[in-house]
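Examination of the molecular architecture
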2 protein chains.
Amino acid sequence: MTTARPLRADAQRNRARVLAAAERVFAERGTAASTEEVARAAGVGVGTVFRHFPNKEALLQALVVQRLARVAADAREHATSPDAGAAFFDFFATVVHGSGTKLELVDALAELGIEPNEAVAPVAEEVTEAVAALLQRAQHAGAVRRDIDVRTVIALLAGASQAHRYAPDDRPLAVILDGLQGPIAQ
Amino acid sequence: MTTARPLRADAQRNRARVLAAAERVFAERGTAASTEEVARAAGVGVGTVFRHFPNKEALLQALVVQRLARVAADAREHATSPDAGAAFFDFFATVVHGSGTKLELVDALAELGIEPNEAVAPVAEEVTEAVAALLQRAQHAGAVRRDIDVRTVIALLAGASQAHRYAPDDRPLAVILDGLQGPIAQ
DNA sequence: TTGCAACCGGAGTGATCAGTCCGTATCCTC
DNA sequence: GAGGATACGGACTGATCACTCCGGTTGCAA
């Protein structure tokens, strides 16, 4: 909890550049891309990358945190909508469409032998809470079936994003959204 | 199309051992695990691994082919069931449950910069055809909505498997299967 | 403006990994 | 069971990568 002095202006700028470059590079060439490649894309030396992120794992984690934070923000934005059902479904679609390579990173981390740990946990919590709020409201409004929980919704978010990569149209998403409303009443 | 002479007995045995070991090792430790680790797990020298599979990429591909072949076989098995709807849904659930790390490998290949190429294409075709047959029958029987195609089903198979990893119960699957039947008739 | 702490770049280091090579062992044919 | 073809093991090689280190640069406070 040591509140460090604020970064110097150039350091702040470089940190942001590295993060942005890392997102591009890892999305395009996979997480096996070298740190040097990231540095080059950021217009920065490798030393600078490692000064801001002690190792590659930390860089990957920072990326995951950034993305999860965006999802949480998306969820909170949709929370203000008057139509509870639409809010939930719009949010769901937004995440899937904007996913790109979003959830691959989580897998990448898992593959590297890192479980969602202390660095990611707080944001994961944030996401869970924001989605839970959205879900509960939609369920109360009768727009979403009542027999599922946040955990299931988040799993389906990951699943829908994955499906979207295999068939980049909206049909898989449509099927899942229909399923979220409930089984067809015979 | 050069039909090679059959492998010597020990070569055949070793090839199978390597494949089995590779499946275990890559599932447990990710595809970044070294070839030497695979060799050790197979009780074999690295040279033997590379004799059977010219490079790591080829080994990964062989694994993917093996798994896709299993899915195709599963699909064909279910094709004989008298209940077209149950056949389709049972098949879907079987793949998701048995997936384990099944579809991660496809991603792994993609991450390595390899698209489903000539080596994988024939099996992919097999899977597509077998699933298409199952789907068509289920649609005719009125068990599955008519506005989706094989492509979508396969994408959902991948998505459901992914979701299953995040929430290893049957709720995500149930949602997707419900969605496959159709939207709730308001 | 000056002085110094904070930051930068990138050559260098050690470790790891995919893939090769060849002397040795094993299988199979006759 | 002998001989030749086939396959094996594992030390070795070259390339690559994560990460370090330090001489030089830059931002900022006074």
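Residues numbered from 1 in each chain as written. Chains lettered and ligands numbered in written order. Predicted model: local features only at pLDDT ≥ 70, side-chain atom pairs only at ≥ 80, totals over all residues. Heavy atoms only, no water.

Let's shift gears to the protein's contact with DNA strand D. Near DNA strand D lie 23 residues; those nearest to it are A:K56, B:R8, B:N14, B:T48 and B:R51. Counting only the atoms of DNA strand D within 4 Å of the protein, the fraction contributed by sugar and phosphate is 69%. Here a phosphate oxygen of DNA strand D and a backbone polar atom of A:T35 are 2.9 Å apart. One nitrogen or oxygen atom from the main chain of B:G45 is found 3.1 Å from a phosphate oxygen belonging to DNA strand D. When residues of the surface near DNA strand D are traced back to their parent elements, those giving at least two are α1 (9-29) of chain A together with α1 (9-29) and α3 (46-52) of chain B. A per-element tally of the surface near DNA strand D places α3(B) first, with five residues. Residue composition of the surface near DNA strand D, grouped by class: seven nonpolar, nine polar and seven charged. (Near = heavy atom within 4 Å. Polar contact = N/O pair within 3.5 Å; in protein donor to acceptor, adjacent residues only side chain to side chain. Helix = DSSP H or I, 4+ residues; strand = E, 2+ residues; numbered from the N terminus. Nonpolar A, V, L, I, M, F, W, Y, C, P; charged D, E, K, R; others polar.)

Another aspect to go through is the environment of B:A62. Residues and elements named next belong to chain B. Take A62: it is sitting in helix α4 (residues 56-78). Its relative accessible area of 18% is what places A62 among the buried residues. The sequence separation of A62 and A119 amounts to 57 residues, and the corresponding C-alpha distance is 8.3 Å. The residues contacting A62, other than those within four sequence positions of it, are L19 and F53. (Buried < 20%, exposed > 50% of the residue type's maximum accessible area, 1.4 Å probe, protein only. Contact = heavy atoms within 4.5 Å.)

Let us now look at the UniProt feature "domain: HTH tetR-type" (unreviewed entry) in chain A. Under the UniProt annotation, the feature "domain: HTH tetR-type" (unreviewed entry) is placed at residues 12-71 of chain A. Overall, residues 12-71 of chain A shows 82% helix and 0% strand. The separation of its end C-alpha atoms is 24 Å. (UniProt positions renumbered as here; feature names shortened; annotations may be inferred.)

Here we come to the nonpolar core. Within the largest apolar cluster, 68 residues are counted, with the highest numbers of intra-cluster contacts made by A:F88, A:F92, A:L180, B:F88, B:F92 and B:L180. Discounting chain neighbours no more than four positions away, the residues touching A:L180 are A:F88, A:F89, A:F92, A:V144, A:R145, A:I148, A:L156 and B:V175. Counting residues in hydrophobic clusters, the runner-up holds 18 residues, among them B:V44, B:V49, B:A58 and B:L59. (Core = buried A, V, L, I, M, F, W, Y, C linked by side-chain atoms within 4.5 Å.)

All names here are of chain A. Per the domain assignment, the segments of chain A are domain 1 (9-54) and domain 2 (55-180). Residue-level contacts link 15 residues of domain 1 with 13 residues of domain 2. Summed over both partners, the interface of domain 1 with domain 2 buries about 1200 Å², with 67% contributed by carbon and sulfur atoms. When the area that domain 1 buries against domain 2 is broken down by residue, the three leading residues are L19, E23 and T31, summing to 43%. Connecting domain 1 to domain 2 are two salt bridges. Salt-bridge contacts for R70 lead to E23; the nearest nitrogen and oxygen are separated by 3.4 Å. Taken together, the connections running from domain 1 to domain 2 amount to five residue pairs in polar contact (both at pLDDT 80 or more). Going through the elements one at a time, α1, α2 (35-42) and α3 (46-52) are the ones with two or more residues in the side of domain 1 that touches domain 2. Considering every element that reaches the side of domain 1 that touches domain 2, the biggest residue donor is α1, with six residues. For the side of domain 1 that touches domain 2, a count of residues per class yields 12 nonpolar, two polar and one charged. (Domains from an automatic or database assignment. Buried area = accessible area lost by both parts, 1.4 Å probe. Salt bridge = Lys/Arg side-chain N within 4 Å of Asp/Glu carboxyl O.)

Another point: the protein's contact with DNA strand C. Residues in contact with DNA strand C amount to 23 residues; listed here are only the nearest, A:R8, A:N14, A:T48, A:R51 and B:K56. Each atom of DNA strand C within 4 Å of the protein belongs either to a base or to sugar and phosphate, the latter forming 68%. A distance of 3.3 Å is found between a base nitrogen of DNA strand C and a backbone nitrogen or oxygen belonging to A:G47. Within the side chain of B:R8, a nitrogen or oxygen atom sits 3.0 Å from a base oxygen of DNA strand C. Its residues placed into classes, the surface near DNA strand C shows seven nonpolar, nine polar and seven charged.

What follows is about helix α7 (residues 121-140) of chain A. All names here are of chain A. Its 20 residues give α7 an end-to-end C-alpha distance of 28 Å, which sits within 8% of 28 Å, the value for a rise of 1.5 Å per residue. If you check which residues of α7 are buried, you get V123, V127, A130, V131, L134, L135, A138 and Q139. End-on view of α7: buried residues confined to an arc of 165°, all on one side of the axis. For α7, exposure combined with an orientation more than 90 degrees from the buried face picks out E129 and H140. For α7, the elements touching its buried residues are α4 (56-78), α5 (84-97) and α8 (150-166). Looking one or two places after α7, you find G142, whose phi comes out positive at around 80°. (Expected span 1.5 Å × (residues − 1). Arc of directions from axis to C-beta.)

All chains considered together, the criterion is met by four aromatic pairs over all chains. Ring geometry for A:F88 against A:F92: centres 6.3 Å apart, planes inclined by 45°, an arrangement best described as tilted. On the criterion of helical spacing, the pair formed by A:F88 and A:F92 is a turn pair, its members being four residues apart in helix α5. Accessibility assignment for this pair places A:F88 and A:F92 in one class, buried. Plain terms: the ring middles of B:F88 and B:F89 are 5.4 Å apart, the flat faces sit at 80° to each other, and that makes the pair edge-to-face. Judged by relative accessible area, B:F88 falls into the buried class, the value being 0%. (Phe/Tyr/Trp six-rings, centres within 6.5 Å; stacked < 30°, edge-to-face > 60°.)

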